[in-house]
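The chain contents come next:
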Amino acid sequence: MPLTPRRPRSRRLRAVLLAAAAASVVAAALPAPVPLGIGDPLFPHLGNPGYDVLSYDIGLSYPGNNSTPLEAVTTIDAVATDGLERINLDFARGTVHGVEVNGRAADFASADEDLVITPQEPVRAGERLRITVRHTSDPKAATDGGWVRTTDGLVMANQADAAHRVFPCNDHPSDKAYFTFRVSAPADVTVVANGVPAARERHGGRIVSTYRSGHPMATELAQVSIGRSAVLHREGPHGLPVRDVVPAVDKDRLEPWLQKTPGHIEWMERQVGRYPFETYGVLIAGAETGFELETQTLSLFERSLFVRPEFPAWYVDSVMVHELAHHWFGDSVTPRSWSDLWLNEGHATWYEARYAEEFGKHPMEQRMKNAYALSDGWRAAGGPPAAPRATAPGQKIGIFRPVVYDGSALVLYALREEIGPKAFDRLERRWVRDHRDSTASTADFSALASEIAGRDMSDFFRGWLYGEKTPAMPGHPDWHSATPRRT
């Protein structure tokens, strides 16, 4: 049979082929992929320009042990804020199997800790993006954050810059987004994540647990707990659902601590207003991290904090309040840059100290007087509260220095002494109300304090937040630095 002659290609098809060829030429002409950042002074390559993430949908498949990489699919919905020939995501320590942009396969390459994606066609400013990355998430690869292997599974500890060691993302607190986690695990393993449960489906011997956040969240606050855990439920103020996640073998031993959480929430609400999220809970992990962490709606704690006899009850209570206070200061109101960290840790330390004063009989004034004596030394070692120095390579959590804890609570103490307790309380409540579910900066805090005080407070904040030396404490001329001043 003779072959049927091919029909001539249409003009439309010819135009499509020409456009594809032109796009290939453009892609070929692009320079080599490079890591980008948004210029954070402390983490210059963290975050990426040109788009705003709206939501993350993160699927994880837990193999049943905490040493084997998890297979994962991360879907990012975003909007382009600039025209983009390439899209940079923060991602490291995992293997990328494939990438799609708006349903079409895209080229990709790694550059330092960035995943650099080249879509088939350049992205226009204002265009909606759906980026799908099929990858692995390796719990053994990260020694400086990300997954933490526990005695019975995994938890996350992503602060300050480690979420991208778990999943591809725009890993900077200035770009908050909504999160959905879908985690497949063996049926005898418990999975809990940020937010509230949305679905639970059995597939043979495995269960897929889905959790969604009801409020936007910074990547550093993401949390997924996978392990042989007990989930304990109780009610907080105004009917708030409180759920705690603890090693199943320890649930009775830990219950005296867990039952305190509703009272902690009530106390914080009396200080600054209603709890800002849809649920809260304590996640106690069998791991030695050296820190606790305010992961949103599910604060991470080491088991040892609650079982070591040398920690007095008032101290454990105040640490629990510290992480809870972050849900107003740091989680709901998130710092715009990492140099604004003092707003997180200074406030959490402030309420921790106030709680210890009220219930542990440890006077705030004495604690602040001690901090004042040490403040010049802290500033010399790490910089002033709102202008911390970058850390040495490999010591990224070194930004969490004494100056951003008690040294920054000291700034708040000085502010209250300067403007009076009533104005200070109005400032605190306005701050968490005006910037709820958003980001805010040191400049925003200074402006609001000036408004409430009825006078320009910029000179006050310039000295207390950026000065090499600690200014004189208002109302306490007898307070002195223990660090000799240069003459």
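**Looking at the overall build of the chain**
Step number 1: Scanning the chain from N- to C-terminus turns up 11 helices and 21 strands.
Step number 2: Along the longest, intermediate and shortest principal axes, the C-alpha atoms of the chain span 105 × 55 × 40 Å.
Step number 3: Each of the 487 residues in the chain was classed as buried or not, and the buried ones make up 55%.
Step number 4: By sequence separation, contacts in the chain at least 24 residues apart represent 70% of the contacts at least 6 residues apart.
Step number 5: As displayed, the chain offers around 21000 Å² of accessible surface, 52% of which is attributable to carbon and sulfur atoms.
Step number 6: In the chain, 53 positive and 60 negative side-chain charges are present, and the distance between their average locations comes to 5 Å.

**Regarding helix 5 (residues 313-325)**
Step number 1: Spanning 13 residues, helix 5 covers 18 Å between terminal C-alpha atoms, matching the ideal 18 Å at 1.5 Å per step.
Step number 2: Most of helix 5 is tucked away: 10 of the 13 residues are buried.
Step number 3: The inward-facing, buried residues of helix 5 contact helix 2 (251-258), helix 3 (261-272), strand 18 (282-285), strand 19 (299-302), helix 4 (304-307) and helix 6 (341-360).

**Re the nonpolar core**
Step number 1: Counting 63 residues, the largest nonpolar core has Met 268, Trp 338, Leu 415, Trp 431 and Phe 445 as the members making the most contacts within it.
Step number 2: Of all the secondary-structure elements, those providing two or more residues to this core are helix 3, helix 5, helix 6, helix 7 (364-382), helix 8 (406-419), helix 9 (421-434), helix 10 (442-453) and helix 11 (458-466).
Step number 3: When residues no more than four places from it in sequence are discounted, the contact partners of Met 268 are Gly 273, Val 321, Leu 324, Ala 325, Trp 328 and Tyr 351.
Step number 4: Tyr 51, Ala 218, Leu 221 and Ala 222 belong to the second-largest nonpolar core, a separate cluster that totals 58 residues.

**Notes on empty space enclosed by the protein**
Step number 1: By the definition in use, this model includes four cavities of 30 Å³ or more.
Step number 2: The volume enclosed by the largest cavity comes to roughly 80 Å³.
Step number 3: Forming the boundary of the largest cavity are 15 residues, of which Asp 152, Ser 225, Ser 229, Ile 284 and Ala 285 lie nearest the centre.
Step number 4: Every element with two or more residues in the lining of the largest cavity is listed here: strand 10 (154-157), strand 15 (224-227), strand 17 (241-247) and strand 18.
Step number 5: Here the lining of the largest cavity is built from residues that sort into nine nonpolar, five polar and one charged.

**Regarding the sheet that holds strand 3 (residues 87-90)**
Step number 1: Reading across from one edge, 3-7-6 is the order of the three strands in this open sheet, with antiparallel pairing throughout. At either margin of the open sheet sits one strand with a lone partner, and together these are strand 3 and strand 6 (107-111). Going from strand to strand, the sheet's axes swing by 25° on average, the running direction of each strand aside.
Step number 2: By the bridge criterion, five bridges tie strand 6 to strand 7 (residues 114-118) in an arrangement that is antiparallel. Its bridge partner being in strand 7, Ala 111 is matched across the sheet by Asp 114.

Conventions used here
Residues numbered from 1 in each chain as written. Predicted model: local features only at pLDDT ≥ 70, side-chain atom pairs only at ≥ 80, totals over all residues. Heavy atoms only, no water. Helix = DSSP H or I, 4+ residues; strand = E, 2+ residues; numbered from the N terminus. Buried < 20%, exposed > 50% of the residue type's maximum accessible area, 1.4 Å probe, protein only. Contact = heavy atoms within 4.5 Å. Areas by Shrake-Rupley, 256 points an atom, 1.4 Å probe, with all protein chains shown as cover. Lys, Arg positive; Asp, Glu negative; His and termini not counted. Charge placed at Lys NZ, Arg CZ, Asp CG, Glu CD. Expected span 1.5 Å × (residues − 1). Core = buried A, V, L, I, M, F, W, Y, C linked by side-chain atoms within 4.5 Å. 1 Å grid on protein atoms, 1.4 Å probe; cavity = no way out; pocket = protein on both sides within 12 Å on 5 of 7 lines; lining within 4 Å. Points joined across faces, edges and corners; volume = space filled by probe spheres on them. Nonpolar A, V, L, I, M, F, W, Y, C, P; charged D, E, K, R; others polar. Pairing = 2+ DSSP bridges. Axes fitted to C-alpha atoms, helices over the stretch in contact; angles between N-to-C directions.

So, to be careful, I would describe these as geometric facts and stop short of saying anything about function.
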